[in-house]
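An overview of the molecular structure
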Amino acid sequence: QERQCGFARTGCGYYENCHCKLMPVSLMGPIDDKITGFIRKHHVLTLATSVDDEPWCANMFYAYIPERNQFVFTSDAHTKHVADTLANSKVAASIVLETKVVGRLQGLQVRGSMKRVAKDDHAPRKAYLKRFPYAALADLHLWLLEPNYFKLTDNTLGFGKKIIWTADDHSK
């Protein structure tokens, strides 16, 4: 059955005729528990976009759907970062633990693609409202960040210790 994943220009590699190399996490190697654990402990990420050599960043409250390897967040369609992703769906993000204690430093760098949640996909809304129940009162414009790269720096495991996961080579 031929389907398109919703990535207008790049596709996903999972469905026939798509080419972006993103696919459901169940078809990829496992993401290290230290990465998913770090994601679960936090709720704000900084999203970075770029169009025409003009970088931009914005902070987002997120919910993470581990079985789909997706971050879901809400953002108005008229924001600069959404406009940027409509022109260039490739994004980066970071999640960080703020601390002055060097031995506790932790941070996650993320690379992937962003897209609007499909109208018939109810899982992202459910996940977002479970994490942020008060958002049920808001007019939500939900978006997905689908990572293809994670780099967790975790000094609690040793100074400068890094754990890397990629969609292409998940053996690192």
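One can find the structure itself at the top, above this paragraph.
Everything numeric here is computed off the predicted structure, so don't read it as measured data.

1. Some points on helix α1 (residues 33-41)
For α1, the set of buried residues is Ile 35, Thr 36, Gly 37, Phe 38 and Ile 39. Its side-chain oxygen at 2.7 Å from the backbone nitrogen of Lys 34, Asp 32 defines the N-terminal cap of α1.

2. A few points about the pattern of salt bridges
Scanning the model with the defined rule gives 3 salt bridges in all. Note that Arg 68 and Asp 121 form a salt bridge whose closest N and O atoms lie 2.4 Å from each other. With Arg 68 in the loop between β3 (63-65) and β4 (70-74) and Asp 121 in the loop between β6 (106-116) and α3 (123-131), the pair connects residues that are 53 residues apart, well separated along the chain. Residue Asp 121 is classed as partly exposed on the basis of its relative accessible area of 21%. The closest approach of N and O atoms between Glu 146 and Lys 115, which form a salt bridge, is 3.7 Å. With a gap of 31 residues between them, Glu 146 in strand β7 (residues 142-154) and Lys 115 in strand β6 connect regions that are remote in the sequence.

3. Some words on the environment of Ser 89
When you line up the elements, Ser 89 lands in the loop between α2 (80-87) and β5 (90-97). Placed 40 residues apart in sequence, Ser 89 and Thr 49 show a C-alpha to C-alpha distance of 8.3 Å.

4. Observations concerning the layout of surface pockets
Of the voids in this model, the second largest pocket is the one considered here, and its volume is about 290 Å³. Mapped by element, the contributors of at least two residues to the lining of the second largest pocket are α1, β3 and α3. Residue contributions to the lining of the second largest pocket peak at 5 residues, all from α3.

5. Observations regarding a nonpolar patch on the surface
A surface patch of nonpolar side chains, about 300 Å² in accessible area, is lined by Val 44, Phe 61 and Tyr 134. Within the secondary structure, Val 44 sits in strand β1 (residues 44-51).

6. A few points about the side chain of Thr 49
Mapped onto the fold, Thr 49 is located in strand β1. Of the polar contacts made by the side chain of Thr 49, one reaches the side chain of Asp 84; its length is 2.7 Å. Those residues in contact with Thr 49, other than ones at most four positions away along the chain, are Glu 54, Pro 55, Trp 56, His 81, Asp 84, Thr 85 and Val 91.

7. Focus on α3
Every buried residue of α3 is listed here: Pro 124, Ala 127, Tyr 128 and Leu 129. Packed against the buried residues of α3 are β2 (54-61), β3, β4 and β7.

8. What to know about the packing of aromatic side chains
Under the defined criterion, the tally for this structure stands at 7 aromatic pairs. Between Tyr 128 and Phe 132 the ring centres are 5.0 Å apart and the planes differ by 50°, which places this aromatic pair in the tilted class. Under the relative-accessibility criterion, Tyr 128 is labelled buried at 5%. Centroid distance Phe 132 to Tyr 134: 6.1 Å. Interplanar angle 65°. Geometry classified as edge-to-face. The rings of Tyr 62, Tyr 64, Phe 71, Phe 150 and Trp 165 are connected pair by pair, giving a single aromatic cluster. The side chain of Arg 111 reaches across the aromatic face of Tyr 149, ending 4.1 Å from its centre. The ring of Tyr 62 has Arg 131 lying over it, and the distance from NZ or CZ to the ring centre is 5.5 Å.

Rules of the game
- Residues numbered from 1 in each chain as written.
- Predicted model: local features only at pLDDT ≥ 70, side-chain atom pairs only at ≥ 80, totals over all residues.
- Heavy atoms only, no water.
- Buried < 20%, exposed > 50% of the residue type's maximum accessible area, 1.4 Å probe, protein only.
- Helix = DSSP H or I, 4+ residues; strand = E, 2+ residues; numbered from the N terminus.
- Polar contact = N/O pair within 3.5 Å; in protein donor to acceptor, adjacent residues only side chain to side chain.
- Salt bridge = Lys/Arg side-chain N within 4 Å of Asp/Glu carboxyl O.
- 1 Å grid on protein atoms, 1.4 Å probe; cavity = no way out; pocket = protein on both sides within 12 Å on 5 of 7 lines; lining within 4 Å.
- Points joined across faces, edges and corners; volume = space filled by probe spheres on them.
- Patch = residues over 30% accessible without salt bridge, like charges linked within 9 Å, V, L, I, M, F, W, Y side chains within 5 Å.
- Areas by Shrake-Rupley, 256 points an atom, 1.4 Å probe, with all protein chains shown as cover.
- Contact = heavy atoms within 4.5 Å.
- Phe/Tyr/Trp six-rings, centres within 6.5 Å; stacked < 30°, edge-to-face > 60°.
- Lys NZ or Arg CZ within 6 Å of the ring centre and 35° of its normal.

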